[in-house]
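Per-entry structural report
The lines below spell out each chain.
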Amino acid sequence: MTAPSTDLSSSLPVATTPTGGPRRLGSLGPVGLVLAGGVSVQFGAALAVTLMPRAGALGVVTLRLLAAAVVLLVVCRPRLRGHSRADWGTVVVFGLAMAAMNGLFYQAVDRIPLGAAVTLEVLGPLALSVLASRRAVNLLWAALALAGVFLLGGGGDFGALDPLGVAFALGAGAMWAAYIVFSARTGRRFPQADGLALAMAVGALAFLPFGALESGSRLLDPVTVALGAAVAVMSSVLPYTLELLALRRLPASTFAVLMSLEPGLAALAGFLILGQSLSPLQALAVALVIAASMGAVRTQVGRGKAVTP
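Here we summarise the structure given alongside this text. The model shown is predicted, which means the values in this text are computed figures rather than measured ones.

The next subject is the side chain of Ser235. Inspection of the secondary structure puts Ser235 in helix H10 (residues 222-247). Not counting residues up to four positions away in its chain, the partners in contact with Ser235 are Ser40, Val41, Gly44, Ala45, Arg64 and Tyr106.

Here the focus is the packing of helix H3 (residues 30-76) against helix H9 (residues 194-215). Packing of H3 against H9 brings their axes to within 7 Å, and their N-to-C directions diverge by 150 degrees. In this view, H3 runs roughly antiparallel relative to H9, as classed from their interaxial angle. Crossing geometry of H3 relative to H9 is assigned as left-handed. The class makeup of the residues in the contact of H3 with H9 is 19 nonpolar, 6 polar and 2 charged.

The next point concerns the nonpolar core. One recurring pattern in soluble globular proteins: nonpolar side chains tend to sit buried together. Counting 74 residues, the largest nonpolar core has Phe105, Tyr106, Leu114, Leu120, Tyr179 and Met200 as its most contacted members. Those residues within four positions of Met200 in sequence are excluded, and the remaining contacts are Leu65, Ala68, Ala69, Leu72, Met98, Ser236 and Tyr240. Core analysis: the second largest hydrophobic core is formed by 7 residues, Val34, Leu242, Ala246 and Leu258 among them.

Moving on, we get to the packing of H3 against helix H4 (residues 85-109). When two helices pack together, their arrangement is given by the angle between the helix axes and the distance between those axes. Where H3 contacts H4, the two axes come as close as 10 Å, and the packing angle between them is 150 degrees. Comparing their axes, H4 and H3 come out roughly antiparallel. The handedness of the crossing between H3 and H4 is left-handed. Contacts from Ala45, Ala48, Val49, Met52, Ala57, Leu58, Val60, Val61, Arg64 and Leu65 in H3 reach Ala99, Asn102, Gly103, Phe105, Tyr106, Gln107 and Val109 in H4.

Attention now moves to the packing of aromatic side chains. Counted according to the given criterion, the structure contains 4 aromatic pairs. Aromatic pair Trp88 and Phe190: ring centres 6.5 Å apart, planes at 75 degrees, arrangement edge-to-face. In this pair, Trp88 is assigned in helix H4 and Phe190 in the loop between helix H8 (163-189) and H9, connecting sequence segments 102 residues apart. Of the residues examined, Phe190 reaches a relative accessible area of 3% and is grouped as buried. Pairing Phe105 with Tyr106 gives two aromatic rings, centres 5.8 Å apart and planes at 55 degrees, and the pair type is tilted. Taking the relative accessible area as the measure of exposure, Phe105 reaches 8% and is therefore buried.

We now examine unusual backbone geometry. Both trends apply: most residues other than glycine have a negative phi, and most peptide bonds are in trans. One non-glycine residue with positive phi stands out, namely Arg77, at about 45 degrees. Mapping Arg77 onto the fold places it in the loop between H3 and H4. Look at Arg77 and you get exposed, because its relative accessible area is 67%.

The full count for this structure, using the stated rule, is 2 salt bridges. Among the salt bridges present, the one from Asp221 reaches Arg54, with a minimum N-O distance of 2.7 Å. With Asp221 in the loop between H9 and H10 and Arg54 in helix H3, this pair connects stretches of sequence that are 167 residues apart. Across the pair Asp87 and Arg189 runs a salt bridge whose closest N-O atoms are separated by 2.7 Å. Of the two residues, Asp87 sits in helix H4 while Arg189 sits in helix H8, which places them 102 residues apart along the sequence. Residue Asp87 is classed as buried on the basis of its relative accessible area, which comes to 10%.

Reading the values: the criteria
Residues numbered from 1 in each chain as written. Predicted model: local features only at pLDDT ≥ 70, side-chain atom pairs only at ≥ 80, totals over all residues. Heavy atoms only, no water. Helix = DSSP H or I, 4+ residues; strand = E, 2+ residues; numbered from the N terminus. Contact = heavy atoms within 4.5 Å. Axes fitted to C-alpha atoms, helices over the stretch in contact; angles between N-to-C directions. Parallel < 35°, antiparallel > 145°, perpendicular 65-115°, else oblique. Left-handed = near helix turned anticlockwise from the far one by under 90°. Nonpolar A, V, L, I, M, F, W, Y, C, P; charged D, E, K, R; others polar. Core = buried A, V, L, I, M, F, W, Y, C linked by side-chain atoms within 4.5 Å. Buried < 20%, exposed > 50% of the residue type's maximum accessible area, 1.4 Å probe, protein only. Phe/Tyr/Trp six-rings, centres within 6.5 Å; stacked < 30°, edge-to-face > 60°. Salt bridge = Lys/Arg side-chain N within 4 Å of Asp/Glu carboxyl O.

The structure is reproduced here in structure tokens:
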């Protein structure tokens, strides 16, 4: 896969909040806002895992996408007219990539620990960053990441992890890379968060048949719907809001480095909420992937361009 060098600020998830933003949230400080957003995403994913016995992995994805789409459409009220065919093509691909990313990731966490899934998933954005840089030093970061994956599999024997779960996590990573590319393109074509809201609606509609086929009437259970809405708020709406507030006062390069901590936050959420613990070797693997991701971002920043992991 060949990815263009993308300006970091245009690669970040596009989002919007009411004018002025919540002052209490802003008082956390920009770094605190980014970390709070990361915690929200990963603990939302942990909540989603607990919901899977009730609605199934595909059902949880459907509920998350639908709830997030409704919130974003109400808040953003995007215009449907005045967009070219190319605009709509971009937002449709963005929405499909978003739906595929979520669907594959939730299939992964249904089979392997949350920390391991996010560690494998982050390889997609990391590969995008390395390819976009085209600098020899990034071979070091790629090697470091591969060493982490090798350790995560217990020294190359991935029998400790469900092979299908590993495949789903890697697929989610590839879709995350596509999400970054088309998020940037959508952000350039649509004002504010209009493109994100429309893409979320596209993703929700595209995924609805899969969720309905797997979960059926279980998707209409009030408790399940409420929990699905909570997952949507924690994993989509709240993080986008916090990240937007942070980016008003935080350099985009710093934001990208902080985003590299996602595997560590996922491991923490998996331990506290799901009782999933990592062995010392697996913890080292997560640390290596985080270090590789941070290194790749810093290398890109040194050139004035970067792709966020």
